[in-house]
Amino acid sequence: MRRTLDIAPLRSLVAVADCGGFQRAATSLHLSQAAVSQHVRRLEAATGRLLVERQGRGSRLTADGEKLLGQARRILALHDETLEDFGFAGDATLVIGSTEHAAAQVLPPLRAALEDGPAGHQIRFRIDRGSKLRERLDGGGVDLALLLGPADDPRARAVGDLELTWYAAPGWHRPAASLPIPLVAFDHPCALRTRALETLSRHGLPAVIGAEAIQLAGVQAAVGAGLGVALMATLHHTPVGLVARDDLPSPGALPLAVWSRTGLAESVTRRAADALRDLLAEGA
């Protein structure tokens, strides 16, 4: 009987290895856990070997599984490269996670760079808090994530800095020196919230959180209502109804990094990083 190693099962095996288990692999591949398990069983039937075994609550590849994993990576790389040569994408959909900070300015050119590239990826965005995006990246639910903060992880690649600006309503007046400055901020944890408080504290200016919101629209609405001043990253695009303030200490910039899930093609990460570097350089 002729034995065949099909592409989809091989991709599932690689995902199990890269994501650390069947459930995360299923999330990464947008399949059910049962489908991923069936794929692995098909490979085991084709090779006549046990490829994955249980380890506590998780699973791990056997020696034969590790052997096939190396070959699977080579087969998939050649398979996807061949499709790219004929103008087809190796991955059907690329999921990009981003916080709301500067999303309106950053995401359109990033989409264009990835859709118009050699692989012609289909793009789906996920807008969420940074902590949630990290969880999805670990679980395989996001392929790329744009996150504020240092690139101190092997999966992260620094692309530049996002300039920060203070914004307030047109009629907002800074309180007297003896009174705290009311801030409008995202819910904790948030890099901009932390930077705003640290900047004012460093200059001896008292501050109080006057309003909090979980989404950018809520922050902008509270600022527009005159409830306080907020620190935002907008790539110098002033939000409608607000004005930039230059009478508060300079907050500096926050580094932006592209994080990629384990196993994502290096060419995809590189193309995204290059597009963002170009965009931030133009903004500077």
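Being a predicted model, the structure only gives us computed values, none of them experimental.

## Concerning the side chain of Arg129
Thought 1: By the secondary structure assignment, Arg129 is in the loop between β4 (122-127) and α6 (130-139).
Thought 2: We note that Arg129 is buried and unpaired, the nearest opposite charge coming from Asp187 at a distance of 4.9 Å.
Thought 3: Polar contacts involving the side chain of Arg129 include one to the main-chain carbonyl oxygen of Pro189, which spans 2.5 Å.
Thought 4: With residues near it in sequence (within four places) discarded, Arg129 still touches Thr99, Asp187, His188, Pro189, Cys190 and Ile214.

## Some remarks on the sheet that holds strand β12 (residues 253-260)
Thought 1: Ordered in space as β4-β3-β5-β12-β6, the 5 strands form an open sheet in which the pairing is mixed. Looking at the sheet topology across the chains shown, the edges are occupied by β4 and β6 (156-163). Going across the sheet, the axis of each strand differs from the next one's by a mean of 20°, ignoring polarity.
Thought 2: Where β6 meets β12, 7 bridges bridge the pair, whose relative direction is antiparallel. Looking at β12, one finds that Asp161 is bridged to Pro255.
Thought 3: Helix α5 (residues 103-115) contacts β3 (93-98), β4 and β5 (144-148) of the sheet and is inclined by roughly 155° relative to β4.
Thought 4: α6 contacts β3, β4, β5 and β12 of the sheet and is inclined by roughly 150° relative to β5.

## Observations concerning the pattern of salt bridges
Thought 1: According to the stated counting rule, one finds 11 salt bridges in the structure shown.
Thought 2: Where Asp64 meets Arg49, a salt bridge forms, and the shortest distance between an N and an O atom there is 3.2 Å. Here Arg49 lies in the loop between α3 (33-47) and β1 (52-55) and Asp64 lies in helix α4 (residues 63-85), a separation of 15 residues in the sequence.
Thought 3: Judged by relative accessible area, which is 28%, Asp64 ranks as partly exposed.

## Considerations on the packing of helix α1 (residues 7-19) against helix α2 (residues 22-29)
Thought 1: Contact pair α1 / α2: the axes reach a minimum separation of 8 Å and the direction vectors enclose 120°. Taken together, the axes of α1 and α2 lie oblique to each other. Crossing of α1 against α2: the hand is right-handed. Contacts from Arg11, Ser12, Ala15, Val16 and Cys19 in α1 reach Phe22, Arg24, Ala25, Ser28 and Leu29 in α2.

## A short note on the environment of Pro182
Thought 1: Here Pro182 shows up in strand β8 (residues 181-186).
Thought 2: Here the alpha-carbon distance between Pro182 and Ala211, two residues 29 residues apart in the chain, equals 8.1 Å.
Thought 3: Once residues lying within four places of it in the same chain are set aside, the contact partners of Pro182 are Trp172, Pro175, Val208, Leu227, Gly228 and Val229.

## Digging into α6
Thought 1: Considered for burial, the residues of α6 that qualify are Gly130, Leu133, Leu137 and Gly139.
Thought 2: Structurally, α6 contributes buried residues whose contacts are with α2, β3, β4, β5 and β12.
Thought 3: A positive phi of about 85° marks Gly140, the residue just after α6.

## A look at the pairing of β12
Two faces belong to every sheet, and in a regular strand the side chains alternate between them.
Thought 1: Most of β12 sits out of view: 6 of its 8 residues are buried.
Thought 2: Sheet topology places β5 next to β12; 5 bridges connect them, and they run antiparallel. Paired with Leu144 across the bridge in β12 is Ser260.

What counts, and where the lines are drawn
Residues numbered from 1 in each chain as written. Predicted model: local features only at pLDDT ≥ 70, side-chain atom pairs only at ≥ 80, totals over all residues. Heavy atoms only, no water. Helix = DSSP H or I, 4+ residues; strand = E, 2+ residues; numbered from the N terminus. Buried < 20%, exposed > 50% of the residue type's maximum accessible area, 1.4 Å probe, protein only. Lys, Arg positive; Asp, Glu negative; His and termini not counted. Salt bridge = Lys/Arg side-chain N within 4 Å of Asp/Glu carboxyl O. Polar contact = N/O pair within 3.5 Å; in protein donor to acceptor, adjacent residues only side chain to side chain. Contact = heavy atoms within 4.5 Å. Pairing = 2+ DSSP bridges. Axes fitted to C-alpha atoms, helices over the stretch in contact; angles between N-to-C directions. Parallel < 35°, antiparallel > 145°, perpendicular 65-115°, else oblique. Left-handed = near helix turned anticlockwise from the far one by under 90°.

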